[in-house]
Amino acid sequence: MKPQEQAKHWIERYSFILDTETTGLEDDAEACEISIITTEGEVLFDEIIKPSKPIGRTAMGIHGIRNMDIKDKAGIEAHADVLRAFLENQTIVVYNAAYDKRIIENTFMAAGLEPPKNVTWQCAMLAYAEWRGHNSSKTGWRWHKLTDAMEYHQLAFSGMEHRALPDAKATLQIIKLMAGRDDLNFLTNAKPKVFSAGIERKAATEETSVADEPSPKPLITPPPKQDNILGYPKWEWAIAGTILFVILIFILAG
């Protein structure tokens, strides 16, 4: 199935779109945030999840979710039944499906739970790579990060990039783009900043706004104007007048 047809199929079948934020980049990383939306943009699930391990520094620097943000949150056990209801026997579209599939399975298994069954995972990233059309005979279609794809097409994130819900909605925008839909959110301002872990968002926003303002141009003091008469400085007129006065004295004295 061609990417355009695949994207239309996802929309027409009312598929679900999932995105996760994680504790790290390791093979055993778990989800610390999960969002699920429909291809109509309806939010079905959007929760910060307390994983069985701390969030690593690298991951915090990417999505900005800190360990203090998850300490009072419920673990996957509290959400397992709801997530199974949304995922099992359903087509789930993900930007990089292989990665999020592993994350969901890791998260359930780390809590001693059986992962959702009969999930049809489909990858919007691979479809977009083919649709975009950068092909290599050795490596196949060139993959693109979600942030790069959004920026390339001047599409807007609905919130902070590298958070589960805005990323899920961004994936929907890419699917709509491939399907030929025109109800897209085009970029009107600078894309949202990604805040590093440990920095309060308000403070970070204020610091960014100040840093982004252009520095005032230095005031240049113009050189003092020459005190001229008919284009010549006054001192030249004074010397000339003195010489004429002396000549006049000699003439009158003779």
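It should be noted that the structure appears before, not after, this text.
Residues numbered from 1 in each chain as written. Predicted model: local features only at pLDDT ≥ 70, side-chain atom pairs only at ≥ 80, totals over all residues. Heavy atoms only, no water.

1. Notes on the overall build of the protein chain
And step 1. When helices and strands are tallied, the protein chain shows 10 helices and nine strands.
And step 2. The buried share among the 254 residues of the protein chain stands at 39%.
And step 3. Surface exposure of the protein chain reaches about 15,500 Å², of which carbon and sulfur atoms provide 55%. (Helix = DSSP H or I, 4+ residues; strand = E, 2+ residues; numbered from the N terminus. Buried < 20%, exposed > 50% of the residue type's maximum accessible area, 1.4 Å probe, protein only. Areas by Shrake-Rupley, 256 points an atom, 1.4 Å probe, with all protein chains shown as cover.)

2. Digging into the environment of I76
And step 1. Looking at the secondary structure, you find I76 in the loop between α3 (67–70) and α4 (80–87).
And step 2. By relative accessible area, which is 3% here, I76 ends up buried.
And step 3. Separated by 27 residues in sequence, I76 and I49 have C-alpha atoms that sit 6.2 Å apart.
And step 4. Setting aside residues up to four positions removed in sequence, I76 forms contacts with I34, I49, K50, L83, T107, F108, A111 and L113. (Contact = heavy atoms within 4.5 Å.)

3. What to know about the sheet that holds strand β1 (residues 16–22)
And step 1. An order of β3-β2-β1-β4-β5 is seen for the five strands of this open sheet, with the pairing classed as mixed. Two strands in the sheet have a free side with no partner beyond their single neighbour: β3 (43–48) and β5 (120–123). Taken over all neighbouring pairs, the strand axes of this sheet differ in orientation by 25 degrees on average, direction set aside.
And step 2. Pairing of strand β2 (residues 31–38) with β3 involves five bridges; the strand directions are antiparallel. Its bridge partner being in β3, I37 is matched across the sheet by V43.
And step 3. Each of β1, β2, β4 (91–94) and β5 is contacted by helix α5 (residues 97–110), which is oriented at about 70 degrees to β1, the strand it contacts most. (Pairing = 2+ DSSP bridges. Axes fitted to C-alpha atoms, helices over the stretch in contact; angles between N-to-C directions.)

4. Some remarks on the pattern of salt bridges
And step 1. Counted under the stated rule, the structure contains eight salt bridges.
And step 2. When the shortest N-O distance is used, the salt bridge between K53 and D28 registers 3.0 Å. Here K53 is found in the loop between β3 and α2 (57–63), whereas its partner D28 is found in the loop between β1 and β2, with 25 residues between them in sequence.
And step 3. Taking relative accessible area as the criterion, K53 reaches 25% and is therefore assigned partly exposed.
And step 4. On the accessibility criterion, D28 (45% relative accessible area) is partly exposed.
And step 5. Here D183 ties to R181 by a salt bridge, and the two come within 2.9 Å at their closest N and O atoms.
And step 6. With relative accessibility at 33%, the residue D183 sits in the partly exposed group.
And step 7. Residue classification places R181 among the partly exposed residues on the basis of a relative accessible area of 30%.
And step 8. The network of salt bridges with common partners includes K176, R181 and D183. (Salt bridge = Lys/Arg side-chain N within 4 Å of Asp/Glu carboxyl O.)

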